[in-house]
Amino acid sequence: MSKQTLIPIGPYHPLQEEPELFKLYCDGEIVKDVKWETGYNHRGIEKLAEQKSYDEVFFLVERICGICSTSHPFAFATSVEEIVGVEITNRAKYIRTIIGELERIHSHLLWVGLAGHFLGYNTLFMWAWKYREPVLDLFEMIAGNRNNYAMFKVGGVRRDIENQKIPAIEKVLSLVKKKTDLLVGAVMDDPVFHARTKGVGVLTRQDILDFAAVGPTARASGVDIDVRRDDPYAAYPLVNWKVITAKAGDVFAKAEVRLLEMYESVFIIEQCLSGLKKEKEGDVEVKIKHIPEGFGTGHTEAPRGEVFHFVLSDGSNSPARHKIRAPSYTNIATFKKSCVGQSISDATISLAAVDPCYCCTERLAVAIDRQSGNRIMNAKEIISHSASITNKLLQHE
Amino acid sequence: MGFKSYCFKKSLWLFHFGGASCNNCDIEILDCLTPRYDLERFGMLLVGSIRHADVLLVNGSINKKDKPRLLEIYEQAPKPVLVVAIGACGCTGGIFAEGYTFAGPVDNIIPVDAYIPGCPPKPEAILAGIVKLLGKN
Amino acid sequence: MVLNELKKTFAKEILDSEARSKRRVTLRIDPAALVPISVHLFRELGFRFIIASALHTKKGFEIYYHYSYDGTGLILNLHVILDQKKPEIESLSNMFESTNWIEREMHELFGINFLNHPNLDQLLSEGNWATGEYPYRKRFKSNEEVQT
């Protein structure tokens with residue numbers, strides 16, 4: 001058996017989103033196995049949700065993930081409304097959809113930027129993040145905060161998008177469209193991007209089905225699933241759009257799917273805005289006095305894939321059990337397939353292609369025994385060890 | 001000029017430690033580096049290792065698994081080092097303070113020089129916080 | 001429809017069924033029949049496994065296995081009730097990769113034992129809470145069985 005080298009990525013590195021540790025077992029340059037260690041980010045949210053009232057849970061689930069801070073409240077609201085059996089007003093549906101799609105645009109821009117950064121294509125990084133700012137400004141205008149919008153509540157939304165704000169949104173959308181053209185050009189016309197991403201991190205259709213992966217990860221491998229179309233919620237049945245899929249399953253296909261999805265998002269928002277103009281202003285919520293016993297399941301399509309919430313109500317003011325499944329939970333498991341057999345330099349982009357972003361080098365200096373993987377010395381011990389060696393050398397002289 | 005202010009006179013290099021956070025602060029920190037805010041014009045640079053850094057940015061509520069690692073990173077930092085707690089979770093634990101894995105907030109674990117509250121703090125607030133910190137020394 | 005077929009094939013094992021709407025169906029099944037039903041759903045009918053939610057109630061430990069039938073938007077919940085004192089059920093991870101982590105998580109947070117699971121190591125904790133302590137278990141006043 002050849003000797004394998006353990007290369008850790010994480011848990012703390014400068015461009016991370018969440019602290020997580022990947023252990024790549026390499027033989028020479030080739031990755032032979034990937035192991036994943038988590039828990040650095042475990043906050044016990046499902047337990048915390050049981051102590052909070054239904055209104056408060058929204059603020060909690062918003063903070064599961066800062067980028068998907070609409071998708072989780074969206075799914076939670078859907079599942080609680082399923083328990084109550086209430087239909088929200090059309091205006092609230094449109095507003096929910098607008099917020100959800102704006103979030104998709106900013107999340108995809110963020111991913112394209114980071115993907116560029118992982119490949120050393122920093123121009124793409126700076127461009128994508130520069131043009132993400134106007135979208136965040138829109139959120140600030142609508143909700144008062146750049147992230148964590150606090151827009152959702154059971155039975156509707158917390159605040160209206162007044163008709164006078166619509167022109168400002170339309171202006172940003174036309175800018176986004178123009179800049180997406182620019183980014184598509186920057187990605188599709190760049191020979192280096194092609195060379196680095198085509199045929200890298202391939203997930204076949206069967207892999208996707210085995211791991212039950214969702215979202216752009218699945219759609220890039222030709223698995224045509226999208227909750228927005230399959231189980232329509234909010235205003236999605238009221239608007240026209242199409243699901244973007246690709247066949248190849250490599251990183252390039254994933255980038256392509258995400259870029260093209262941004263056009264669809266812009267298209268959806270435009271239709272929602274014209275829908276808003278027809279509805280009465282201020283008609284954004286249905287009052288709900290009591291949440292009966294029972295359970296509800298709600299799923300929505302987040303930028304990364306399907307978010308699933310299960311809420312069990314015992315008739316009291318707070319959920320008796322709240323189970324949350326974020327899309328990365330199933331998507332991350334596909335690393336086992338996408339990374340193994342590739343060179344280390346491709347591993348970072350394969351890991352990032354799913355859209356939990358990991359890169360850079362491991363920065364927690366701990367001496368690790370190569371054979372067993374056990375930690376044998378911490379930083380302090382290394383320093384004292386080296387000091388003792390220096391002393392010995394000095395004594396010899 | 002004291003030793004500390006001598007050390008922090010020129011370009012500061014930053015290292016970012018994200019505890020059990022929701023990513024928002026992480027992304028707003030990263031946002032500071034992008035064209036609109038452009039932190040690098042002040043000579044500040046996000047570096048990959050605490051061994052190269054002058055400032056340790058900590059965000060997120062710290063859970064029991066993070067705690068020893070945060071301590072270890074603090075130990076590895078070349079002294080003097082400035083520690084900045086970013087966001088509501090970094091300052092107080094925020095909404096996650098009641099969780100069963102919570103071990104923070106940051107100032108219970110390592111000494112903190114500046115607090116930047118907000119959920120998440122806007123990039124302007126992060127910039128203002130770090131500039132104020134520089135003025136202090 | 002798919003469901004009628006399923007009910008016919010597993011007439012004995014399905015104890016109870018409840019349809020909230022066309023797209024939300026819950027089947028309570030015999031825990032012993034979980035594996036054959038899941039394999040049938042996954043391999044023959046092309047269902048996608050979403051997640052499993054464990055609960056601790058007065059009845060014991062309950063698990064809802066959520067499946068999605070993509071294309072129609074159907075969410076099928078398989079509901080099993082396990083023993084209060086010694087919760088254990090056959091693992092699905094030998095059949096599908098996708099259930100591996102959630103079973104480890106349920107084992108860790110609720111103390112439900114999954115028989116024949118390939119690797120029941122801790123997924124989340126490393127001294128976050130004491131071994132043998134399950135943070136998601138509840139205490140019930142009327143029930144003698146309390147948290148270990």
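Undergrad: I keep staring at the sheet that holds strand 3 (residues 55–59) of chain B and nothing clicks. Help me out?
TA: Either a parallel or an antiparallel arrangement is found when strands of a sheet pair, and the pairing is made through backbone hydrogen bonds. All names here are of chain B. Read across the open sheet, the five strands follow the order 2-1-3-4-5; overall the sheet is parallel. Here the strands that pair on one side only, and so sit at the sheet edges, are strand 2 (45–46) and strand 5 (114–116). Along the sheet, helix 2 (residues 24–31) makes contact with strand 1 (13–18), strand 3 and strand 4 (82–86), crossing strand 3 at roughly 145 degrees.

Undergrad: Sorry, what's going on with unusual backbone geometry here?
TA: In most cases, non-glycine residues show a negative phi, while peptide bonds are predominantly trans. Residues and elements named next belong to chain B. Put simply, Lys79 and Pro80 share a cis peptide bond, and its omega is 0 degrees. When you line up the elements, Pro80 lands in the loop between helix 3 (67–76) and strand 4. Between Cys119 and the following residue, Pro120, the backbone shows a cis peptide bond with an omega angle of -10 degrees. Within the secondary structure, Pro120 is located in the loop between strand 5 and helix 5 (123–136). The phi dihedral of Asp38 is positive, around 50 degrees, even though this residue is not glycine. Here Asp38 shows up in the loop between helix 2 and strand 2. Owing to 14 C-beta atoms within 10 Å, Asp38 belongs among the partly exposed residues under this scheme.

Undergrad: What is the right way to look at helix 4 (residues 90–118) of chain A in this model?
TA: For an α-helix, 3.6 residues make a turn, and residues three or four places apart therefore share a direction. All names here are of chain A. If you check helix 4, its first and last C-alpha atoms are 42 Å apart, about what 29 residues at 1.5 Å a residue would give, namely 42 Å. Judged by how many residues are buried, helix 4 sits mostly within the fold: 28 of 29 residues are covered. In the stretch just after helix 4, Gly120 is the one whose phi turns positive, near 80 degrees.

Undergrad: I keep staring at the interface of chain B and chain A and nothing clicks. Help me out?
TA: When the parts of a complex come together, some accessible area is lost, and that lost area is often used as the size of the interface. Between chain B and chain A, the residue contacts involve 36 residues of the former and 39 residues of the latter. Looking at the side of chain B that touches chain A, the elements that each hand over two or more residues are strand 1, helix 2 and helix 3 of chain B. Residue contributions to the side of chain B that touches chain A peak at five residues, all from helix 3 of chain B. Grouping the constituent residues of the side of chain B that touches chain A by class yields 14 nonpolar, twelve polar and ten charged.

Undergrad: What am I meant to see in the domain arrangement of chain A here?
TA: Residues and elements named next belong to chain A. Domain annotation for chain A reports domain 1 (5–40 + 336–396) and domain 2 (57–324). Counting residues at the interface gives 14 residues for domain 1 and 17 residues for domain 2. Those elements that place two or more of their residues in the side of domain 1 that touches domain 2 are helix 13 (335–338) and helix 14 (344–353). With six residues, helix 14 is the single largest residue contributor to the side of domain 1 that touches domain 2. Partitioned by chemical class, the residues of the side of domain 1 that touches domain 2 number seven nonpolar, four polar and three charged.

Undergrad: Looking at this structure, I do not really get the sheet that holds strand 2 (residues 21–27) of chain A. What am I missing?
TA: Residue and element names in this part refer to chain A. Reading across the sheet, the three strands line up as 1-2-3 and stay open at both edges, with antiparallel pairing between neighbours. The outermost strands of the open sheet, each flanked by one partner alone, are strand 1 (5–9) and strand 3 (30–37). Put simply, the sheet's adjacent strands are angled 25 degrees from each other on average, direction ignored. Where strand 1 lies against strand 2, five bridges are found, and the strand directions are antiparallel. Considered in strand 2, the bridge of Thr5 is made with Cys26.

Definitions and limits used
The residue numbers shown here count from 1 along each chain, following its written sequence. Each chain takes a letter, starting from A, and each ligand takes a number, starting from 1, following the order in which they are written. Totals for whole chains, interfaces and linings use every residue, but because this is a predicted model, local features are given only for residues with pLDDT of at least 70 and side-chain atom pairs only at 80 or more, for both listing and counting. Should DSSP find at least two bridges between two strands, the strands are taken to pair. The secondary structure listing takes helices from DSSP runs of H or I that are at least 4 residues long and strands from runs of E that are at least 2 residues long, numbered from the N terminus. Throughout, a pair of residues is in contact if the C-beta atoms placed from their backbones lie within 7 Å. Under this scheme, a helix contributes an axis fitted over its contacting stretch, all axes are lines through C-alpha atoms, and angles between N-to-C directions fall in the 0 to 180 degree range. With C-beta atoms placed from the backbone, a residue is buried if 20 or more other C-beta atoms are within 10 Å of its own, exposed if 12 or fewer are, and partly exposed between those counts. What a helix is expected to span follows from its residue count: subtract one and scale by 1.5 Å. We call Asp, Glu, Lys and Arg charged. Ala, Val, Leu, Ile, Met, Phe, Trp, Tyr, Cys and Pro are nonpolar, and the rest, Gly among them, are polar. Domain start and stop positions are those given by an automatic or database domain assignment.

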